[in-house]
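# Working through the structure, step by step
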Amino acid sequence: MIFKSNGQADVEAGLFFAGFGILTAALSLQYSLGTIAMMGPGMFPLILGVILAILGLVILAKGFMGKGEQAKPLPIKPILLITASVIVFALLLLTVGLLFAIPAQVVVALWASEHFTWKRALLLSAGLLAFCYGVFVYFLGISVPLIAI
Amino acid sequence: MELLSNLDIGFHAALSLNNLVFCFIGVLVGTAIGMLPGLGPLATIAMLLPLTYTLEPVTGLIMIAGIYYGAQYGGSTTAILVNLPGESSAVVSCIDGHQMARKGRAGAALAIAALGSFFAGTVATLLIAAFSPALAEVAFLFGPVEYFAMMVLGLTAATLLAHGSFIKGVAMVLTGLILGLVGADVNSGTYRFTFGSFSLTEGIEFVAVAMGLFAFTDIVTNMRNDQTTREVKAPSLRSLTMTGKEFRQSIFPAIRGTSIGSLLGLLPGGGAMISSFASYAFEKRVSRHPEEFGHGAIAGLAGPEAANNAGAQTSFIPMLTLGIPSNGVMALMIGALMVHNISPGPYVMVSNPEIFWGLIASMWIGNAMLVVLNLPLIPLWVRLIQVHYWVLFPIILVVCCVGLYSIQNNTLAIYFAAGFTLLGCLFWRMRAEAAPLLLGFILGPLMEEHFRRSLLLSEGDVSIFYRSPLSVLMLSIAAVMCLIILLPQIRQGRKVAFEEEA
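These figures come from a predicted structure and were not determined experimentally.

A count of helices and strands for chain B gives 19 helices and two strands. Taking 502 residues into account, the globule formula puts the C-alpha radius of gyration at 23 Å, and chain B, at 23 Å, falls close to it. In terms of overall dimensions, chain B has C-alpha extents of about 70 × 65 × 55 Å along its principal axes. In chain B, which comprises 502 residues, the proportion classed as buried is 61%. Expressed as a percentage of contacts within chain B between residues at least 6 apart in sequence, the contacts between residues at least 24 apart total 79%. Accessible surface for chain B amounts to roughly 19,300 Å². Of this, 65% is attributable to carbon and sulfur atoms. Put simply, chain B has 24 plus and 27 minus side-chain charges, and the middle of one group is 13 Å from the middle of the other.

This is the structure:
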C-alpha cells in the first residue's frame, strides 16, 4: 500500500531479485570458494548471486522512480486453490492411493472455478481416473497404488 | 550424396511403425491442446513430457517434436476460426485469417495456413538436413572458452527477443542459472543448496519447473476468462477448397515467409513468434495493396503462417548441433535428451545418427500428417474449442500431477511444481517473462562447467575470454545488443522527463 506509483511491478521484482541474489550469495559462502584458477563449488553461485542482487537493486530503483511497469492484480482464490489441489494430490497419492487423490484434487481445483458443482466434479474424477489408470498404469506400466491403505 | 544417405538413415528410423504411431499421436494431441486458447506449445510439451520418458529416445523426441508443430498449427486454427490466438505466434494469424473467415472464406484460410505450413516445413527440414552437419563441424572447434561465450550470447539474444522488460529478463536468466546449480557439483561432488535433502542431489526436476511456471500458472491466470462463450460455426467441408486466384496469391508470400522464418529461427531467441510478426510486417510493406491488410489479405495470412512454421523448425538447428536452446521449447527438448542420457551437441550426430536424422525425417512426415489430418478434422476441432474451461483445467492438473509422479515414482516433484506455481504467479504479477528462467535453468550447470574449465586452462587469467577471436566476437555482439536495448530506454526516459517539465 505504501508504493502506489506505477512502478509497483518493478519495485516488487527488484525486491525479489535482490533478495534471492543476496540469499544465494550468502548460502554459497558455506562452500569452498577456491581460487580463480581452481574454483571451488561456492564461486560460481557467489558471482551469480552478487550480479543478481545488483540487477535487483537497479530494477528496484527504476520502480521507485516511477519508470517501472504496473503490477497485475493477483487472483488470490484461484492461486490458493490450484496450488492446494496440487499439494493435496501429492499428500494423498501414496498415503491413500490414486482412487482418492484424483477426486480430491478435482474437487479442490474445481472450487476455484465459478462452475463448481458436485456432479461435475464426480464426472470429471471418474473420467480422469479411468484415463490415468489406462494410460499411466496399464499402458506405460508406472507403479502407482490405486488404493494404498 | 552424403545428405541422401543421411536422410535414408533418418527415414529408416522415422518410418518404423512404432515411430509413425507416436509421431501421429504427438501431432494429434499437440494440435488438440494447441487449439485451446491459453495453452501454448511450452505448456503442452511440459504436460506431456513425462509420457515420453518411458519411450525409446528417438521415439520420445519424435513425439515431442510432433507435439510442438502440432501445437503451432492448432494455434493458427483457433486464431482463424474464433479470433483467439491459441498461442502467441498465432496472434498475427488472427488479423487477416479471421477476417477471411468472416467473409465466408474460413475453409480457404485454413487450407492456405495448412499448405503454407507444409511448404515451409518441407523447406526447413531440408535446410536442417543440409546445414546441421556443417554447423556441427564448427562446433567441434569450440573449446570451453568459446562455449561459454556462445552461451552468454545465446542467453542475451534470447532475453532480448523475448517480450517484456530486458533487465527483468536478464534477472530471470540469472535466477534460472542459480536454480539450475542445485544438486551435486560436478567437479568436487559437493552437494549445493540441497538443504540436506537427498532427493535434491540430482537437482530440481526440470519438468516440475516447467509445469509450475507454465501449465499451472496459465491455469490460474486464465481462470477469469472462464466466462468467455465461444460461438463458432463450423465451416462446411465444401468451402475448404480455395480458388485458383487465392492459391496464386498465396504462393509468393509463403515463399518469402519461409525464407524469413528459416533465417529468424536460427537466431538465439528466434523462433515462431518473431518470424510471424516479421513476415507480416514485410508482406504489408511489399504489398501493392497494403490497404487490404487487416481486412482479409491473403498475403497477411500465408506469409506469417509459413514463417512461423519455418521458424519453429529451424530453431532445432542450434539445439541439435550446438546444444544451445534458442527458446523455451528447445530448452525442454534438451531436458528430454538429457533424461535419455544423451548430452546435446555436435556429438549427437556422430554417436546417435538414428536419433538425429530420425528426428529430422519425422519432422517432414509430421508436417505431411498435419495437412492430411487437419483439413478433414476441422469440424471436430471446432467442437473442441467450444469445450468449457472448467472441464479442461482439472484434466490438465491431474494429468500433469500423475505425470510428475511417474518420472521417478516420487511425489517430491509434485511439491516442487506447486512451489513453482506460486513463483510463476508472482512473476506474472511482476511482469517478468518466465521463459528466460527456463533457458538459464537448463544451461546453468553447463555454463558453470565451461566457465571453470576455461579459467583452469588459463591458470586463472581472465584475459582468456578476449584472447580467442571467436569468443571476442560473440561477447562483443552480446555487449552491443545490450547497449542497443538500453539506449532507447535512456532516450525515452529523457523524453518523459522533458515532457514533465514542459
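There's plenty left to go through after this.
It is worth spelling out the domain arrangement of chain A at this point. Examined at the domain level, chain A breaks down into domain 1 (8–64) and domain 2 (76–139). The C-alpha-based centres of domain 1 of chain A and domain 2 of chain A are spaced at 38 Å.

It is a probe the size of a water molecule, rolled over the atoms, that shows where empty space is left. Residue and element names in this part refer to chain B. Under the definition given, this model contains one cavity of 30 Å³ or more. Reported here for the largest cavity is a volume of approximately 30 Å³. Y73, A114, S117, F118, N309, N367, L370 and V371 together form the lining of the largest cavity. Elements with a contribution of two residues or more to the lining of the largest cavity: α5 (91–140) and α15 (353–385). Taken together, the residues of the lining of the largest cavity break down into five nonpolar, three polar and no charged.

A few words now on the nonpolar core. Core analysis: the biggest nonpolar cluster contains 199 residues, and F316(B) and F393(B) have the highest contact counts within it. Among the elements that line this core, the one with the most residues is α15(B), at 17 residues. The residue makeup of this core includes at least three contributed by each of domain 1 (8–64) and domain 2 (76–139) of chain A. Other than its neighbours up to four places away in sequence, F393(B) contacts I82(A), A109(A), L110(A), S113(A), I219(B) and M223(B). Membership of the second largest hydrophobic core comes to five residues, among which are V92(B), Y280(B), F293(B) and A299(B).

As a further point, take the layout of surface pockets. Residues and elements named next belong to chain B. Put simply, the second largest pocket is a space of about 1,200 Å³. In terms of lining, the second largest pocket is formed by 38 residues, of which the most central are E202, G203, I204, E205 and F206. Breaking the lining of the second largest pocket down by element, the ones donating at least two residues are α7 (166–180), β1 (183–184), α13 (328–339), α16 (389–408), α17 (412–429) and α18 (435–457). No other element matches α18, which puts six residues into the lining of the second largest pocket.

What follows covers the environment of R102(B). All names here are of chain B. Assignment of secondary structure puts R102 in helix α5. Judged by its relative accessible area of 62%, R102 falls in the exposed class. Each C-alpha atom of the pair R102 and H295 lies 9.6 Å from the other, and the pair is 193 residues apart in sequence.

Across all of its chains, the model carries twelve salt bridges over all chains by this definition. Ionic pairing is found between E246(B) and R105(B), a salt bridge with its closest N-O pair at 2.8 Å. Taken together, the positions of E246(B) in helix α9 (residues 244–266) and R105(B) in helix α5 put the pair 141 residues apart, joining distant regions of the chain. We note a salt bridge from E448(B) to R452(B), for which the minimum N-O separation is 2.8 Å. Linking E448(B) with R452(B), this pair stays in helix α18, spanning four residues, or about one helical turn. Exposure remark for E448(B): the relative accessible area of 3% places this residue in the buried category. Each of D10(A), K62(A), E69(A) and K168(B) takes part in a single network of salt bridges with overlapping partners.

All names here are of chain B. As a packed pair, α5 and α9 sit with axes 9 Å apart at the nearest point and diverge in direction by 45°. Compared by their axis directions, α5 and α9 come out oblique. At the point where α5 passes α9, the crossing takes the right-handed sense. Of α9, the residues touching α5 (which contributes M100, R105, A108, I112, F119, A120, V123 and L127) are E246, S250, A254, I255, T258 and S262. Considered class by class, the residues forming the contact of α5 with α9 number nine nonpolar, three polar and two charged.

Reading the values: the criteria
- Here the residue index of a chain counts from 1 through its sequence in written order.
- Whichever chain is written first is A, and whichever ligand is written first is 1; the rest continue in order.
- Local features in this predicted model are restricted to residues of pLDDT 70 or higher, and side-chain atom pairs are both shown and tallied only at a pLDDT of 80 or more, whereas totals for entire chains, interfaces and linings draw on every residue.
- Calculated side-chain values reflect all of the structure's heavy atoms, with hydrogen atoms and water omitted.
- In this description a helix means any DSSP run of H or I spanning at least four residues, a strand means any run of E spanning at least two, and both kinds are numbered starting from the N terminus.
- Each radius of gyration reported is based on C-alpha atoms, and the globular scaling rule is 2.2 Å times the count of residues to the power 0.38.
- The rule is simple: take the accessible area with a 1.4 Å probe, protein chains only, and divide by the maximum for that residue type; under 20% is buried, over 50% is exposed, in between is partly exposed.
- Only heavy atoms matter for contacts: two residues are in contact if any of them lie within 4.5 Å across the pair.
- Residue burial considers only the protein chains on display, and all accessible areas are found by Shrake-Rupley using a 1.4 Å probe.
- In this tally, Asp and Glu contribute negative charge and Lys and Arg positive charge; neither His nor the terminal groups of the chain are included.
- Here the site of a charge means atom NZ of a Lys, CZ of an Arg, CG of an Asp or CD of a Glu.
- Domain borders in the structure are assigned automatically or taken from a domain database.
- The method works on a 1 Å grid over the protein atoms by themselves. A cavity is a set of points holding a 1.4 Å probe that cannot get out, a pocket is an open set with protein on both sides within 12 Å along at least five of seven lines, and residues with an atom within 4 Å of a point line them.
- Grid points are joined across faces, edges and corners, and a volume is the space filled by probe spheres set on the points.
- Residues are sorted three ways: Asp, Glu, Lys and Arg are charged, Ala, Val, Leu, Ile, Met, Phe, Trp, Tyr, Cys and Pro are nonpolar, and all the rest, Gly among them, are polar.
- Within this scheme, the nonpolar core is defined by two criteria: the residues are buried Ala, Val, Leu, Ile, Met, Phe, Trp, Tyr or Cys, and they are joined through side-chain atoms within 4.5 Å.
- For this analysis, a salt bridge means a side-chain nitrogen from Lys or Arg found within 4 Å of a carboxyl oxygen belonging to Asp or Glu.
- Orientation is described by axes fitted as lines to C-alpha atoms, over the contacting stretch for helices, and by angles from 0 to 180 degrees between their N-to-C directions.
- Reported orientations rely on four angle classes, namely roughly parallel under 35 degrees, roughly antiparallel over 145, roughly perpendicular from 65 to 115, and oblique for the rest.
- Left-handed describes a crossing in which the near helix is turned anticlockwise from the far one by less than a right angle; the clockwise case is right-handed.

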